[in-house]
Amino acid sequence: MTLTYSEIMIRYGELSTKGKNRMRFINKLRNNIQDVLSIYPAVKVTADRDRAHAYLHGTDYEPVAESLKQVFGIQNFSPVYKIEKSVPALKVAVQGIMKEIYEEGMTFKISSKRSDHTFELDSHELNQTLGGAVFEAIPTIQAQMKKPDINLQVEIREEAAYISYETIKGAGGLPVGTSGKGMLMLSGGIDSPKGMLMLSGGIDSPVAGYLALKRGVDIEAVHFASPPYTSPGALKKAQELTRKLTKFGGNIQFIEVPFTEIQEEIKAKAPEAYLMTLTRRFMMRITDRIRQIRGGLVIINGESLGQVASQTLESMQAINAVTNTPVIRPVVTMDKLEIIDIAQ
């Protein structure tokens, strides 16, 4: 018997703590899942207080699962088989699944749940009946109640029965868009020609954006382009990084700020020792003005304490002095290797 997955059952993460706001968070998560899965026209998404479902309607499960792994707010998910709601059909299905996935020495358990209380067997009886069917099919298999190798989960609902055994880890965090909007100061990860200013780290700011998305912040990317001080590829790289971030948080507005004129003025008028700090103060001012216009609540950047000479507490204090807006630095306490791990 060949079975194909009918749906993916999606379990929420921190949303269980949200009390009266729970449904607002769940509805946002459902919309985010729909956006991410919109490339699969046949897939339909529903969500209730306990979990969400992505109905495949014949769509290949693997790529849909890969897309779901990136969606913040999902704790884990399971691909599910839809089975006729009868004991004989369930026994045949359970035997077929176990024969396919069983390897010598594995242990198993059956975990049944019955939301349709008119079904002929209760959960305990179903566990015993289906467990017996597994022993018939694989006489050498051992049952184990705590931490078995295979936990076959059977659910009896109104319309049909459903079986799953695999649990895939989700991205965790909160649904993007549930914590307000922030402006991400996004670098393009550029090389700095001799005598010109290196404006920001290449991976620090996108990692900061990723971590902000994970806490539910809707981000817009602000990129300062100042040729010839930034290489021609910097703008393209920043746009590409924004595209990479969109798979975690839907559509991200990319805002390009022409900065050459300001940089020329700073170089012409300011002592060399102050160039970096003044440049960053202007960037902060401009980002804050964009934030006001765009309805953002915070500024996010990729500064990491002590990673480069300009990223000291004194420097951060001097740069922050141009705004009263909260500045979030998600990677501030991380070293380069920790940031690289997340970037990869």
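A short tour of the structure in this document, coming up.

Basis of the calculations
Residue indices begin from 1 for each chain and proceed along its sequence in written order. Thresholds applied to this predicted model are a pLDDT of at least 70 for local features of residues and 80 or more for the giving and counting of side-chain atom pairs; totals over whole chains, interfaces and linings are not thresholded and use all residues. As a rule here, side-chain values come from all non-hydrogen atoms in the structure, and water together with hydrogens is ignored. Strands are runs of DSSP state E lasting at least 2 residues, helices are runs of H or I lasting at least 4, and numbering of each runs from the N terminus. For every residue, the accessible area obtained with a 1.4 Å probe (protein chains only) is divided by the maximum for its type, and the residue is called buried under 20%, exposed over 50%, and partly exposed between those limits. Here, the term nonpolar core denotes a set of buried Ala, Val, Leu, Ile, Met, Phe, Trp, Tyr and Cys residues that are joined through side-chain atoms within 4.5 Å. By the convention used here, residues are in contact when the closest approach between their heavy atoms is within 4.5 Å. Each pair of strands is called paired provided DSSP finds at least two bridges between the two strands. Salt bridge criterion: a side-chain nitrogen from Lys or Arg within 4 Å of a carboxyl oxygen from Asp or Glu. Every definition here rests on a 1 Å grid over the protein atoms only: cavities are sets of points where a 1.4 Å probe fits but cannot get out, pockets are open sets enclosed by protein on both sides within 12 Å along at least five of seven lines, and lining residues have some atom within 4 Å of a point. Grid points are joined across faces, edges and corners, and a volume is the space filled by probe spheres set on the points. Classification used: nonpolar for Ala, Val, Leu, Ile, Met, Phe, Trp, Tyr, Cys and Pro, charged for Asp, Glu, Lys and Arg, polar for all others including Gly.

### Some thoughts on the environment of glutamine 317
Topologically, glutamine 317 is positioned in helix α9 (residues 313-320). Among the residues examined, glutamine 317 registers a relative accessible area of 60% and is labelled exposed. For the pair glutamine 317 and isoleucine 163, spaced 154 residues apart in the sequence, the C-alpha separation amounts to 56 Å.

### Comments concerning the nonpolar core
Leu37, Leu90 and Met98 are the most contacted members of the largest nonpolar core, which totals 52 residues. Per element, the largest residue contribution to this core is 8 residues, and it comes from helix α3 (residues 87-101). Setting aside chain neighbours within four positions, we find methionine 98 in contact with Phe108, Val134, Ile138, Ile141, Ile150 and Leu152. Among the nonpolar cores identified, the runner-up in size contains 19 residues, and Phe72, Val217, Ile219 and Phe248 belong to it.

### Things to note about the pairing of strand β10 (residues 181-185)
Within β10, 4 of the 5 residues are buried, which leaves the element mostly enclosed by the surrounding structure. Where β10 meets strand β11 (residues 218-225), 5 bridges bridge the pair, whose relative direction is parallel. Bridge assignment links methionine 185 to a residue of β11, and that residue is valine 222.

### So, the pattern of salt bridges
In the structure shown here, the tally under the stated rule is 14 salt bridges. Among the salt bridges present, the one from glutamate 155 reaches arginine 51, with a minimum N-O distance of 2.5 Å. A residue pair is termed long-range when its members are at least 10 positions apart, and glutamate 155 in strand β7 (residues 150-156) and arginine 51 in strand β3 (residues 51-55) qualify at 104 residues. Between glutamate 303 and arginine 280 there is a salt bridge, with its nearest N and O atoms 3.5 Å apart.

### Considerations on unusual backbone geometry
Going from proline 227 to proline 228, the amide bond is cis rather than trans, its omega being 5°. By the element assignment, proline 228 lies in the loop between β11 and α6 (232-249). Even without glycine at this site, histidine 57 takes up a positive phi of about 45°. Its identity is not glycine, yet lysine 147 carries a phi of approximately 50°, on the positive side. Its place among the elements puts lysine 147 in the loop between β6 (142-143) and β7. Take lysine 147: its relative accessible area is 78%, and that puts it in the exposed class.

### Brief notes about empty space enclosed by the protein
Summed over the entire model, instances satisfying the criterion amount to 3 cavities of 30 Å³ or more. In this structure, the second largest cavity encloses a volume near 40 Å³. Looking at the second largest cavity, the residues that line it are Asn32, Val36, Val71, Val176, Phe248, Gly249 and Gly250. Across the lining of the second largest cavity, the residue classes break down as 4 nonpolar, 3 polar and no charged.

That is the geometry; function is a separate question.
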